[in-house]
Amino acid sequence: MFAQEGVLKHMPPKSDPPREDPRIGEGVSRRAFLKGASLTVAAVGVAGPGARVVRGARLDETVVPILGPGPVPMRFRVNGIERTLDAPPSTTLVDALHDVLGLTGTKRVCDRGSCGACTVMIDGRTVDSCSMLAIDAIGREVTTVEGCGTPENPSELQKAFVECDALQCGFCTPGMVVSCTALLRENPHPTRDQIAHGISGNICRCGTYQNIFEAVELAARKGGARGR
Amino acid sequence: MVVEMKIRVGFDGHYKDLTVQIADGDIRPYQPGDPLKVVGKSEKRLEALAKATGTAKYTFDQRPTGLLYGAILRCPHANADITTLDTTTAEQMPGVMAVLKSPEIFSTNSCRYAGEEVAAVAATSEAIAEEALRSIFVEYDVLPFAVTIDDAMGENAPQVGRRDQVNVERTTPRLARQRGGGIDEEGEKQNLEQMREKEAKVDALLREAPVVVSRTFETAVQTHCPLEPHGVLCEWKEGKLICWASTQATFGVKGELSSERGPVGADTQVICDHVGGGFGSKFSAGREGVIGALLAKKAGAPVRMLLDRRGEQTAVGNRPSSRQKLTLGVSRDGEILAYRVRSWGTPGTGTGGAGANNTGVYKLGEVDKVEYGVRTNTGGARAHRAPGWPQGAYGLESIVDEAALAIGMDPIEFRKRNDDHPIRMAEYDIAAERSKWKEKRARKQGIGPIRRGIGIASNLWFSAGGGGAAVMVRIHKSGRVEVRNGAQDIGTGTRTVMGQVAAEELGLGLADVQVFIGNTDDPRGPASGGSTTIGTITPAARLAAHDAKVRLLEIVADRKGWDASTLDLRDGSVVDANGKALIPFRTACGLLDEDAIEVLAERPTIDRRNPNYAGFSDTNAGVQIAEVAVDIETGEVRVERVTAVADAGKLINPMLAESQVRGGVIQGVSFALFERRTMDRQEGRMVNADMEAYKILGSMDCPEIDVVTLDVYNGKSNTSVMGLGEPPIVATAAAVANAVADAIGVRITSLPITPRKVLEALGATRTRSDEEGTKL
């Protein structure tokens, strides 16, 4: 089971089972780190209070390539395009997107999964990209705000954000757009409560929530996230 | 130089004619009935699509080649002096390109709060920068500290400051000082005498007053927490500093970094296309700005020096706390006779800037106010959206409500009795009607744990804008129009509104003009503070566009043999006196000999001290009514609805104005219910320096906000506008608190109103009589 976790595979692993957890997360990467950090460390982990994490793992050194601390090659699809990059395995997905690939729509704000400004979709489910390692996105489909629509070809939702003035300083907006896009894909005609729930992981400091509710409702009337 | 003219001012049902003096060369303020086509229209924000598609580039998003990452080492102690600071290991670390020691830049070894800057590095990656910080060896002389006002005001309190700085210092009335800062003994003697007189006067009035209410109110420290952190991205080019800054004062940052007396002292260009929130905390380059500039210089490469969230929450500002002991004496028929205020607040390691504005809004009779700033070993306060006002309004509006309750008068009637603001008097009625105040106020509580309440509070603000700004309008031969000012748009809509005003004057649509802001190489603009930006920029934009139009029409008249005085620009054409289109705007521009018409117009003022004209009202008002549901079993308060009646002079863009009001209300509710900096009194550190334990209102807590905006032709400048960024946050927390008191019949005397406080207050009503309560 352990050997199948993302870190060991640099190529798109067809065998990778679909993940149910929408917040693909830190547990995976921690295990990955332990594994990569050498047997000794892992053994300490087994003996220590963190034993829960590695119990049951096959601690077989021969199948464990040690990654990092230097850059490792990674490949994943971002907004439908195959992207490759070299980055240390400790690189978070938000930093890989923003700093390495130059997809600067995705913002790093709280850096601990509290504010949602870094929200992206992984295989269609929203995650906080600050709390996920880039290597854990290997072989998967990442959708950022840039993938939801472009200035030349915005989505109905993005048009509705403009129409309803659903932004002020705009720094939370990309995360909001991604969360709302995911919401509309799952639920094309959400109630106001469902919208509020759908963006409850996203903080807007300027206070544009009501405008965002209105924008999502407008987009829903016009065909949801799909309509371009 | 002034000219006199007759103008009409006011708002629906409340117009009057005034003869006013306006600056020579300026144009008549917008008048009721002016056929405006772009101004007053809810145009979409110009940068909205860029923001909604993630293509808007903030300081955080700049990625010049060879970019280095800056990071700051912060003091872990609440009060300490640095005795050893050794950065040798960091300097030798591969990937580290520059290291700086804070004491060498800022000339002090003292760290007076946990989070103060100690050293900084620039490295090829953030990981290396952080590793380098960990390798820096620092020894501190650790001193006793105080991080709460109680600890700092206690009898054997440790000294927070240095030298002869005392922990508690009077700020109102201001201490009399000599040149150089020492206390002016003679001036202080006079001060104390006047204070004693005032105190005696109010004492007498309170003794005679038939009803006196007294209570102490407290508010917690609130951090700004803008989503884009403070900071800069600096690059040096041929001795000139190019500084991308996340700022609400491009020219302020430029001034600081280029000042000969400052640590950078170089020709600086500040650029800020977009800024991810400021709320008052981003006026200064800050230490992080200076550090960024110097790291980039030392490394010879561009450096991104933006704060991490912990730094953001601890080191770059907050709304100070307040403790307000208020006493109000009223007559039985509801006239406020006398008011006493004793208040304290901590702005961090200084004493200034922690005032609570609790003596505004109403006619308060004789006022005796003494206020103190209390030094604590905490991060320093900065202006925070309506500095001092939400805290002051919470105190004042609470005690006003208590007085109304004591004499059995409706809170709105009581306020009206003590108010004469020409706009607010109308707003009370609008707010009451929209919210069904009378009916809801009179309702009986149902059975079950949910108690509903409704409460009111008022806004007040002052800003019609000021001088010191200029706008350039350039009409190209091709018909392209540029409107330029170097100030920033912090999300308030400055860019859009400036374009609307210019487009209106030129008879064009908003899409026909290109607006450039956020670059100090363009004409000077204001800081986004005091809600003055639109009032400062738009009169200059309008005048520049007007003068450019006059020049264009003169040229057209000359070429065509028409009479320039009969021509105008309307709907994209040159029109004659009857409004008949003669030639398209673009064709008219083609008649230019030169490449372009360029007009730079200063913001018209009569004089520096009095930048604005006599108008309808020197202040704008506003009334808010909050409705809450309180669960008396859990103590949870939900704000269900806020009715916000707002005015801001002539509204250039009603949709963006409404967004400002909604935002102010949201932040006000957040202040009322959630936000609180928590200090660890043992360790001296901020416990919740993140966005998880520091709670900010989210989508699930969002009330329904019903905004009503009044369009007031104020006449104070040629665009008649007043500021709107700040006033809508003033009343909200106060209205919420009053609604909670209405719901549960007991007053919560500190913000935020947490479930625990609600439960404690409910419990206390059954077990103890409040000695501060009401004397009848």
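Residues numbered from 1 in each chain as written. Chains lettered and ligands numbered in written order. Predicted model: local features only at pLDDT ≥ 70, side-chain atom pairs only at ≥ 80, totals over all residues.

Q: Describe the overall build of chain B, and please don't skip the residues or the numbers.
A: Helix and strand content of chain B: 20 helices and 31 strands. Relative to a compact globule of 776 residues, whose C-alpha radius of gyration would be 28 Å, chain B shows 28 Å and is just as compact. Along the longest, intermediate and shortest principal axes, the C-alpha atoms of chain B span 90 × 75 × 60 Å. Looking at chain B as a whole, 56% of its 776 residues qualify as buried. Considering only intrachain contacts with a sequence separation of at least 6, the fraction spanning at least 24 residues in chain B is 79%. (Helix = DSSP H or I, 4+ residues; strand = E, 2+ residues; numbered from the N terminus. Rg over C-alpha atoms; globule rule 2.2 N^0.38 Å. Buried ≥ 20, exposed ≤ 12 C-beta atoms within 10 Å, placed from the backbone. Contact = placed C-beta atoms within 7 Å.)

Q: Describe in detail the overall build of chain A, supporting the description with residues and values.
A: When helices and strands are counted, chain A shows nine helices and five strands. Listed N to C, the secondary structure of chain A is α-α-α-β-β-α-β-β-β-α-α-α-α-α in terms of helices and strands. Relative to its 228 residues, chain A shows a buried fraction of 54%. Counting only contacts in chain A whose residues sit at least 6 apart along the sequence, the fraction spanning at least 24 positions is 62%.

Q: I'd like a rundown of the sheet that holds strand β25 (residues 573–575) of chain B, residues and numbers included.
A: All names here are of chain B. In space, the three strands of this open sheet follow the order β24-β25-β26, with antiparallel pairing throughout. Lying at the two open borders of the sheet, with one neighbouring strand each, are β24 (568–570) and β26 (581–584). Taking the axes of each pair of neighbouring strands and ignoring which way they run, one obtains an average angle of 40° across the sheet. For β24 and β25, the ladder comprises three bridges, and the chain directions are antiparallel. (Pairing = 2+ DSSP bridges. Axes fitted to C-alpha atoms, helices over the stretch in contact; angles between N-to-C directions.)

Q: Mind laying out the pairing of strand β5 (residues 96–101) of chain B, listing which residues take part and the relevant values?
A: Residues and elements named next belong to chain B. The buried fraction of β5 is high, at five of six residues. With five bridges connecting them, β5 and strand β7 (residues 117–123) associate as antiparallel partners. Within β7, the position partnered with Lys 101 by the bridge is Ala 119.

Q: I'd like to hear about unusual backbone geometry, residue by residue, with values.
A: Going from A:Gly68 to A:Pro69, the amide bond is cis rather than trans, its omega being 5°. Following the sequence through the fold, A:Pro69 ends up in the loop between α3 (51–54) and β1 (72–78). The linkage connecting B:Leu751 with the following residue, B:Pro752, adopts the cis geometry, with an omega of -5°. The backbone of A:Asn79 shows a phi angle near 50°, a positive value even though the residue is not glycine. Looking at the secondary structure, you find A:Asn79 in the loop between β1 and β2 (81–87). What makes A:Asn79 partly exposed here is the crowd of 17 C-beta atoms within 10 Å. Located in the positive-phi region is B:Phe279, a residue other than glycine, with phi close to 60°. With respect to the helices and strands, the residue B:Phe279 is situated in the loop between β14 (268–271) and α8 (286–299).

Q: An account of the interface of chain B and chain A is needed here, citing residue identities and associated values.
A: Each partner contributes residues to the interface: chain B has 45 residues there, and chain A has 46 residues. Those elements that provide at least two residues to the side of chain B that touches chain A are α1 (48–52) and α17 (654–673) of chain B. The element best represented in the side of chain B that touches chain A is α17(B), accounting for seven residues. The class makeup of the residues in the side of chain B that touches chain A is 21 nonpolar, twelve polar and twelve charged. (Nonpolar A, V, L, I, M, F, W, Y, C, P; charged D, E, K, R; others polar.)

Q: Any chance you could break down helix α15 (residues 533–560) of chain B for me, citing the residues and the numbers?
A: Counted at 1.5 Å a residue, the expected span for α15(B) with its 28 residues is 40 Å, and the 40 Å between its end C-alpha atoms agrees. Of the residues one or two after α15(B), B:Gly561 is the one with positive phi, at around 70°. (Expected span 1.5 Å × (residues − 1).)

Q: With reference to specific residues and values, describe the sheet that holds strand β29 (residues 637–647) of chain B.
A: Residue and element names in this part refer to chain B. Strand order in this open sheet of four strands is β20-β28-β29-β30, and the pairing throughout is mixed. Across the chains shown, the open sheet's two edge strands, defined by having one partner strand only, are β20 (450–458) and β30 (704–710). Across the sheet, the axes of successive neighbouring strands diverge by a mean angle of 10°, strand direction being ignored. By the bridge criterion, nine bridges tie β20 to strand β28 (residues 623–631) in an arrangement that is antiparallel. Paired with Gly 453 across the bridge in β28 is Val 628.

Q: Residues and numbers for the confidence of the model for chain A, please.
A: Summarising the model, chain A shows a mean pLDDT of 79, and 70% of its residues fall at 70 or more. Counted against residues more than four places away or in other chains, residues 1–57 of chain A, with its pLDDT under 50, gives 73 contacts. (pLDDT = per-residue confidence, 0-100.)

Q: Let's hear about the packing of helix α7 (residues 173–186) of chain A against helix α9 (residues 209–221) of chain A: which residues, and what values?
A: All names here are of chain A. At a closest axis distance of 11 Å, the pairing of α7 and α9 adopts a crossing angle of 40°. When the axis of α7 is compared with that of α9, the two are oblique. The two elements α7 and α9 cross, and the hand of that crossing is right-handed. Note on element contacts: α9 touches α7 through Ile 212, Val 216, Ala 219 and Ala 220, opposite Met 176, Cys 180 and Leu 184. Class assignment of the residues belonging to the contact of α7 with α9 gives a composition of seven nonpolar, no polar and no charged. (Parallel < 35°, antiparallel > 145°, perpendicular 65-115°, else oblique. Left-handed = near helix turned anticlockwise from the far one by under 90°.)

Q: Residues and numbers for the confidence of the model for chain B, please.
A: All names here are of chain B. Averaged over every residue, the pLDDT of chain B is 96; residues scoring 70 or more account for 99%. A low-confidence stretch, residues 768–776 stays under pLDDT 50, and its non-local contacts, those more than four residues away or across chains, total nine contacts. Our summary of model confidence lists the complex with pTM equal to 0.92 and ipTM equal to 0.96.

Q: With reference to specific residues and values, describe helix α19 (residues 732–744) of chain B.
A: Residue and element names in this part refer to chain B. With 13 residues, α19 extends 19 Å between its outermost C-alpha atoms, agreeing within 8% with the 18 Å of an ideal straight helix rising 1.5 Å per residue. Among the 13 residues of α19, 13 are classified as buried, and the element is accordingly described as predominantly covered. Gly 745 sits one or two residues past α19 and shows a positive phi near 75°.

Q: Give a detailed account of the pairing of strand β19 (residues 366–374) of chain B, specifying residues and quantitative values.
A: In regular strands, side chains alternate between the two faces of the sheet. Residues and elements named next belong to chain B. Where strand β9 (residues 168–172) and β19 come together, four bridges link them in antiparallel fashion. Across the sheet, residue Arg 170 finds its bridge partner in β19, namely Tyr 372. Here strand β18 (residues 336–345) pairs with β19 via eight bridges, running parallel. From the neighbouring strand, Ala 338 faces β19, where its bridge partner is Glu 366.

Q: Please give an account of the nonpolar core that cites residues and values.
A: Counting 287 residues, the largest nonpolar core has A:Phe161, B:Val121, B:Ala122, B:Leu295, B:Val736 and B:Val740 as its most contacted members. The element that contributes the greatest number of residues to this core is α15(B), accounting for eleven residues. B:Val121 has contacts with B:Ala71, B:Ala90, B:Val96, B:Ala98, B:Val99, B:Ala129, B:Ala132 and B:Leu133, leaving out every residue within four places of it along the chain. (Core = buried A, V, L, I, M, F, W, Y, C linked by C-beta atoms within 7 Å.)

Q: Can you explain the environment of B:Ser214? Please cite residues and give values.
A: All names here are of chain B. For Ser 214, the position within the fold is in strand β10 (residues 211–219). Judged by the 18 C-beta atoms lying within 10 Å of it, Ser 214 is partly exposed. Sequence spacing of Ser 214 and Asp 489 is 275 residues, and the spatial spacing of their C-alpha atoms is 43 Å.

Q: Describe the environment of B:Glu43, listing the residues and the values that go with them.
A: Mapped onto the elements, B:Glu43 comes out in the loop between β2 (14–23) and α1. Aside from chain neighbours lying at most four places away, what touches B:Glu43 is B:Val38, B:Thr496, B:Gln500, B:Leu510 and B:Asn653.

Q: Could you give me a rundown of the packing of helix α14 (residues 494–505) of chain B against α15(B), with the residues and numbers involved?
A: Residues and elements named next belong to chain B. In the contact formed by α14 and α15, the axes pass within 8 Å of each other and the chain directions differ by 30°. Taken together, the axes of α14 and α15 lie roughly parallel to each other. The interaxial crossing formed by α14 with α15 has right-handed handedness. Packed against α14, whose contacting residues are Thr 494, Val 497, Met 498, Val 501, Ala 502 and Glu 505, the element α15 presents Thr 533, Ile 534, Ile 537, Thr 538, Ala 541, Arg 542, Ala 545, His 546 and Lys 549 at the interface. In the contact of α14 with α15, the residues fall into eight nonpolar, four polar and three charged.

Q: I'd like to hear about the environment of B:Arg375, residue by residue, with values.
A: All names here are of chain B. Structurally, the position occupied by Arg 375 is in the loop between β19 and α10 (389–407). Taking the number of C-beta atoms within 10 Å as the measure of exposure, Arg 375 has 26 and is therefore buried. Between the alpha carbons of Arg 375 and Gly 388 there is a distance of 17 Å; along the sequence they are 13 residues apart. Once residues lying within four places of it in the same chain are set aside, the contact partners of Arg 375 are Ala 152, Val 160, Gly 161, Gln 165, Asn 167, Thr 349, Gly 350 and Thr 351.

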